[in-house]
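Spelled out, the chains give:
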Amino acid sequence: MADQETIARAAQLMRAGELVGFPTETVYGLGGDATNEGAVARIFAAKGRPHFNPLIVHVPALAEAEALARFDERARLAARRFWPGPLSLVLPRRADSRLSLLASAGLDTVALRAPAHPIAQALLRAAGRPIAAPSANRSGRISPTTAAHVADELGDSVALILDDGPCPVGIESTVLDLTGAMPALLRPGGVPLEQLAEVFGEIETIVPDDGAPRAPGRLASHYAPDLPLRLAATDPRPGEALLAFGPAAAAGFAEVLWLSRRGALAEAAANLFAMLRRLDRPEFTGIAVTAIPEEGLGRAINDRLRRAAAPRSIG
Ligand code: AMP
Ligand code: MG
């Protein structure tokens, strides 16, 4: 478990170039010193992540972030309003930042986030340096929302895993690009688009899978279970399991898990990845999911489900 002593040890391990699994409010992260090229290379290797896909760098707060990227008034407003929290900001990288070039995949921009989770906060403060942390899963697979998921996926690659139970948000951060004239949503996530629009007005939404190198993490197939996934399902097919939302008809499915019986999107987001894992068993022929409204956190949930259902280009 994540007591003070274990957090201090985890921070020390990362300062020595090791990798640590730790909880954030979104999903569990695979953390390494973002100023250490070797540690960052180990993150890519552990995940089997393509090197063109940059990592999010984690800091405790705006003050530490300003040493890494150039903040204008709009970026400061975003940080003041949404940090600490599930929002990653893509900003111009400062030349004197000491950040690993590999961490941002050679781009002249960097994605920064200050997570709200108390264990993540304590760890970042104890480490005293920026921490690169993608989700602690093998590339392309379902993101981890418990310490056990991290152990299953990457147990051999981490020196230690901090365990603080399930992640409260359960879905990755929203990625907002603030390098252009208009703020651009690169990935829907824990901060709903509606909340960003209240602060920024118009926001460009980058169409998923347009292949933009700006957002190389948005690969068509991602978050994928082994079983095929069928979206907006209504009627059962033989041997299928169901992931249900709201007042869905669940009769005839081989097994049913409820993302949220009362139709609450926050509850559904928190349950999504763990339930996908639980249903991803060879005894079923596939996983059907009922339709989820495309609003608020529903955008992020649907984004992940569409990628999980997409044809797999790589194994
Ligand atoms: P993950 O670490 O797996 O949660 O994914 C990180 C997300 O942030 C991916 O979608 C990346 O493409 C995105 N990202 C990280 N750094 C940058 C950057 N410099 N520019 C654009 N997107 C970025
Ligand atoms: Mg990920």
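Here's a quick rundown of the structure. (Residues numbered from 1 in each chain as written. Chains lettered and ligands numbered in written order. Predicted model: local features only at pLDDT ≥ 70, side-chain atom pairs only at ≥ 80, totals over all residues. Heavy atoms only, no water.)

### A word on unusual backbone geometry
For residues that are not glycine, phi is negative in most cases, and the peptide bond is trans in most cases. The linkage connecting Trp83 with the following residue, Pro84, adopts the cis geometry, with an omega of -10°. Position of Pro84 relative to the elements: it lies in the loop between α4 (73-82) and β4 (87-92). With a phi close to 65°, Arg98 is a non-glycine residue in the positive phi region. One can find Arg98 in the loop between β4 and β5 (109-113). The exposure class of Arg98 is exposed, given its relative accessible area of 63%. Located in the positive-phi region is Ala105, a residue other than glycine, with phi close to 55°. Along the chain, Ala105 falls in the loop between β4 and β5. (Helix = DSSP H or I, 4+ residues; strand = E, 2+ residues; numbered from the N terminus. Buried < 20%, exposed > 50% of the residue type's maximum accessible area, 1.4 Å probe, protein only.)

### With respect to helix α8 (residues 265-279)
Along its 15 residues, α8 runs 20 Å from first to last C-alpha, staying within 8% of the 21 Å computed at 1.5 Å per residue. Along α8, the sharpest change in direction is near 45° and occurs at Leu272. Looking at α8, one finds that the buried residues are Leu265, Ala268, Ala269, Leu272, Phe273, Met275, Leu276, Arg277 and Leu279. On its buried side, α8 packs onto α6 (147-154), β11 (229-230), β12 (240-245), β13 (255-260), β14 (286-289) and α9 (297-309). (Expected span 1.5 Å × (residues − 1). Bend = angle between axes of the 7 residues up to and from the residue. Contact = heavy atoms within 4.5 Å.)

### Describing the pattern of salt bridges
Tallying each qualifying case throughout the model produces 17 salt bridges. Note that Glu194 and Arg299 form a salt bridge whose closest N and O atoms lie 3.3 Å from each other. Here Glu194, found in helix α7 (residues 193-200), pairs with Arg299, found in helix α9; they are 105 residues apart in sequence, far enough to count as distant. Because the salt bridges share partners, they merge into one network encompassing Glu172, Asp303, Arg304 and Arg307. (Salt bridge = Lys/Arg side-chain N within 4 Å of Asp/Glu carboxyl O.)

### With respect to the sheet that holds strand β6 (residues 131-132)
Ordered by their spatial adjacency, ten strands build an open sheet running β7-β1-β2-β6-β3-β5-β4-β8-β9-β10, and the pairing between neighbours is mixed. Among the strands making up the open sheet, the edge pair consists of β7 (160-161) and β10 (204-205). Pairing of strand β1 (residues 20-22) with strand β2 (residues 29-33) involves three bridges; the strand directions are antiparallel. Following the sheet pairing, Val20 is matched in β2 by Gly31. Sheet strands in contact with helix α2 (residues 37-47) are β2 and β6, and its direction is about 155° off that of β2. Strand contacts of α7: β4, β8 (174-177), β9 (184-187) and β10, with the helix running at about 30° to β8, the strand carrying the most contacts. (Pairing = 2+ DSSP bridges. Axes fitted to C-alpha atoms, helices over the stretch in contact; angles between N-to-C directions.)

All we've got here are geometric facts, nothing functional implied.
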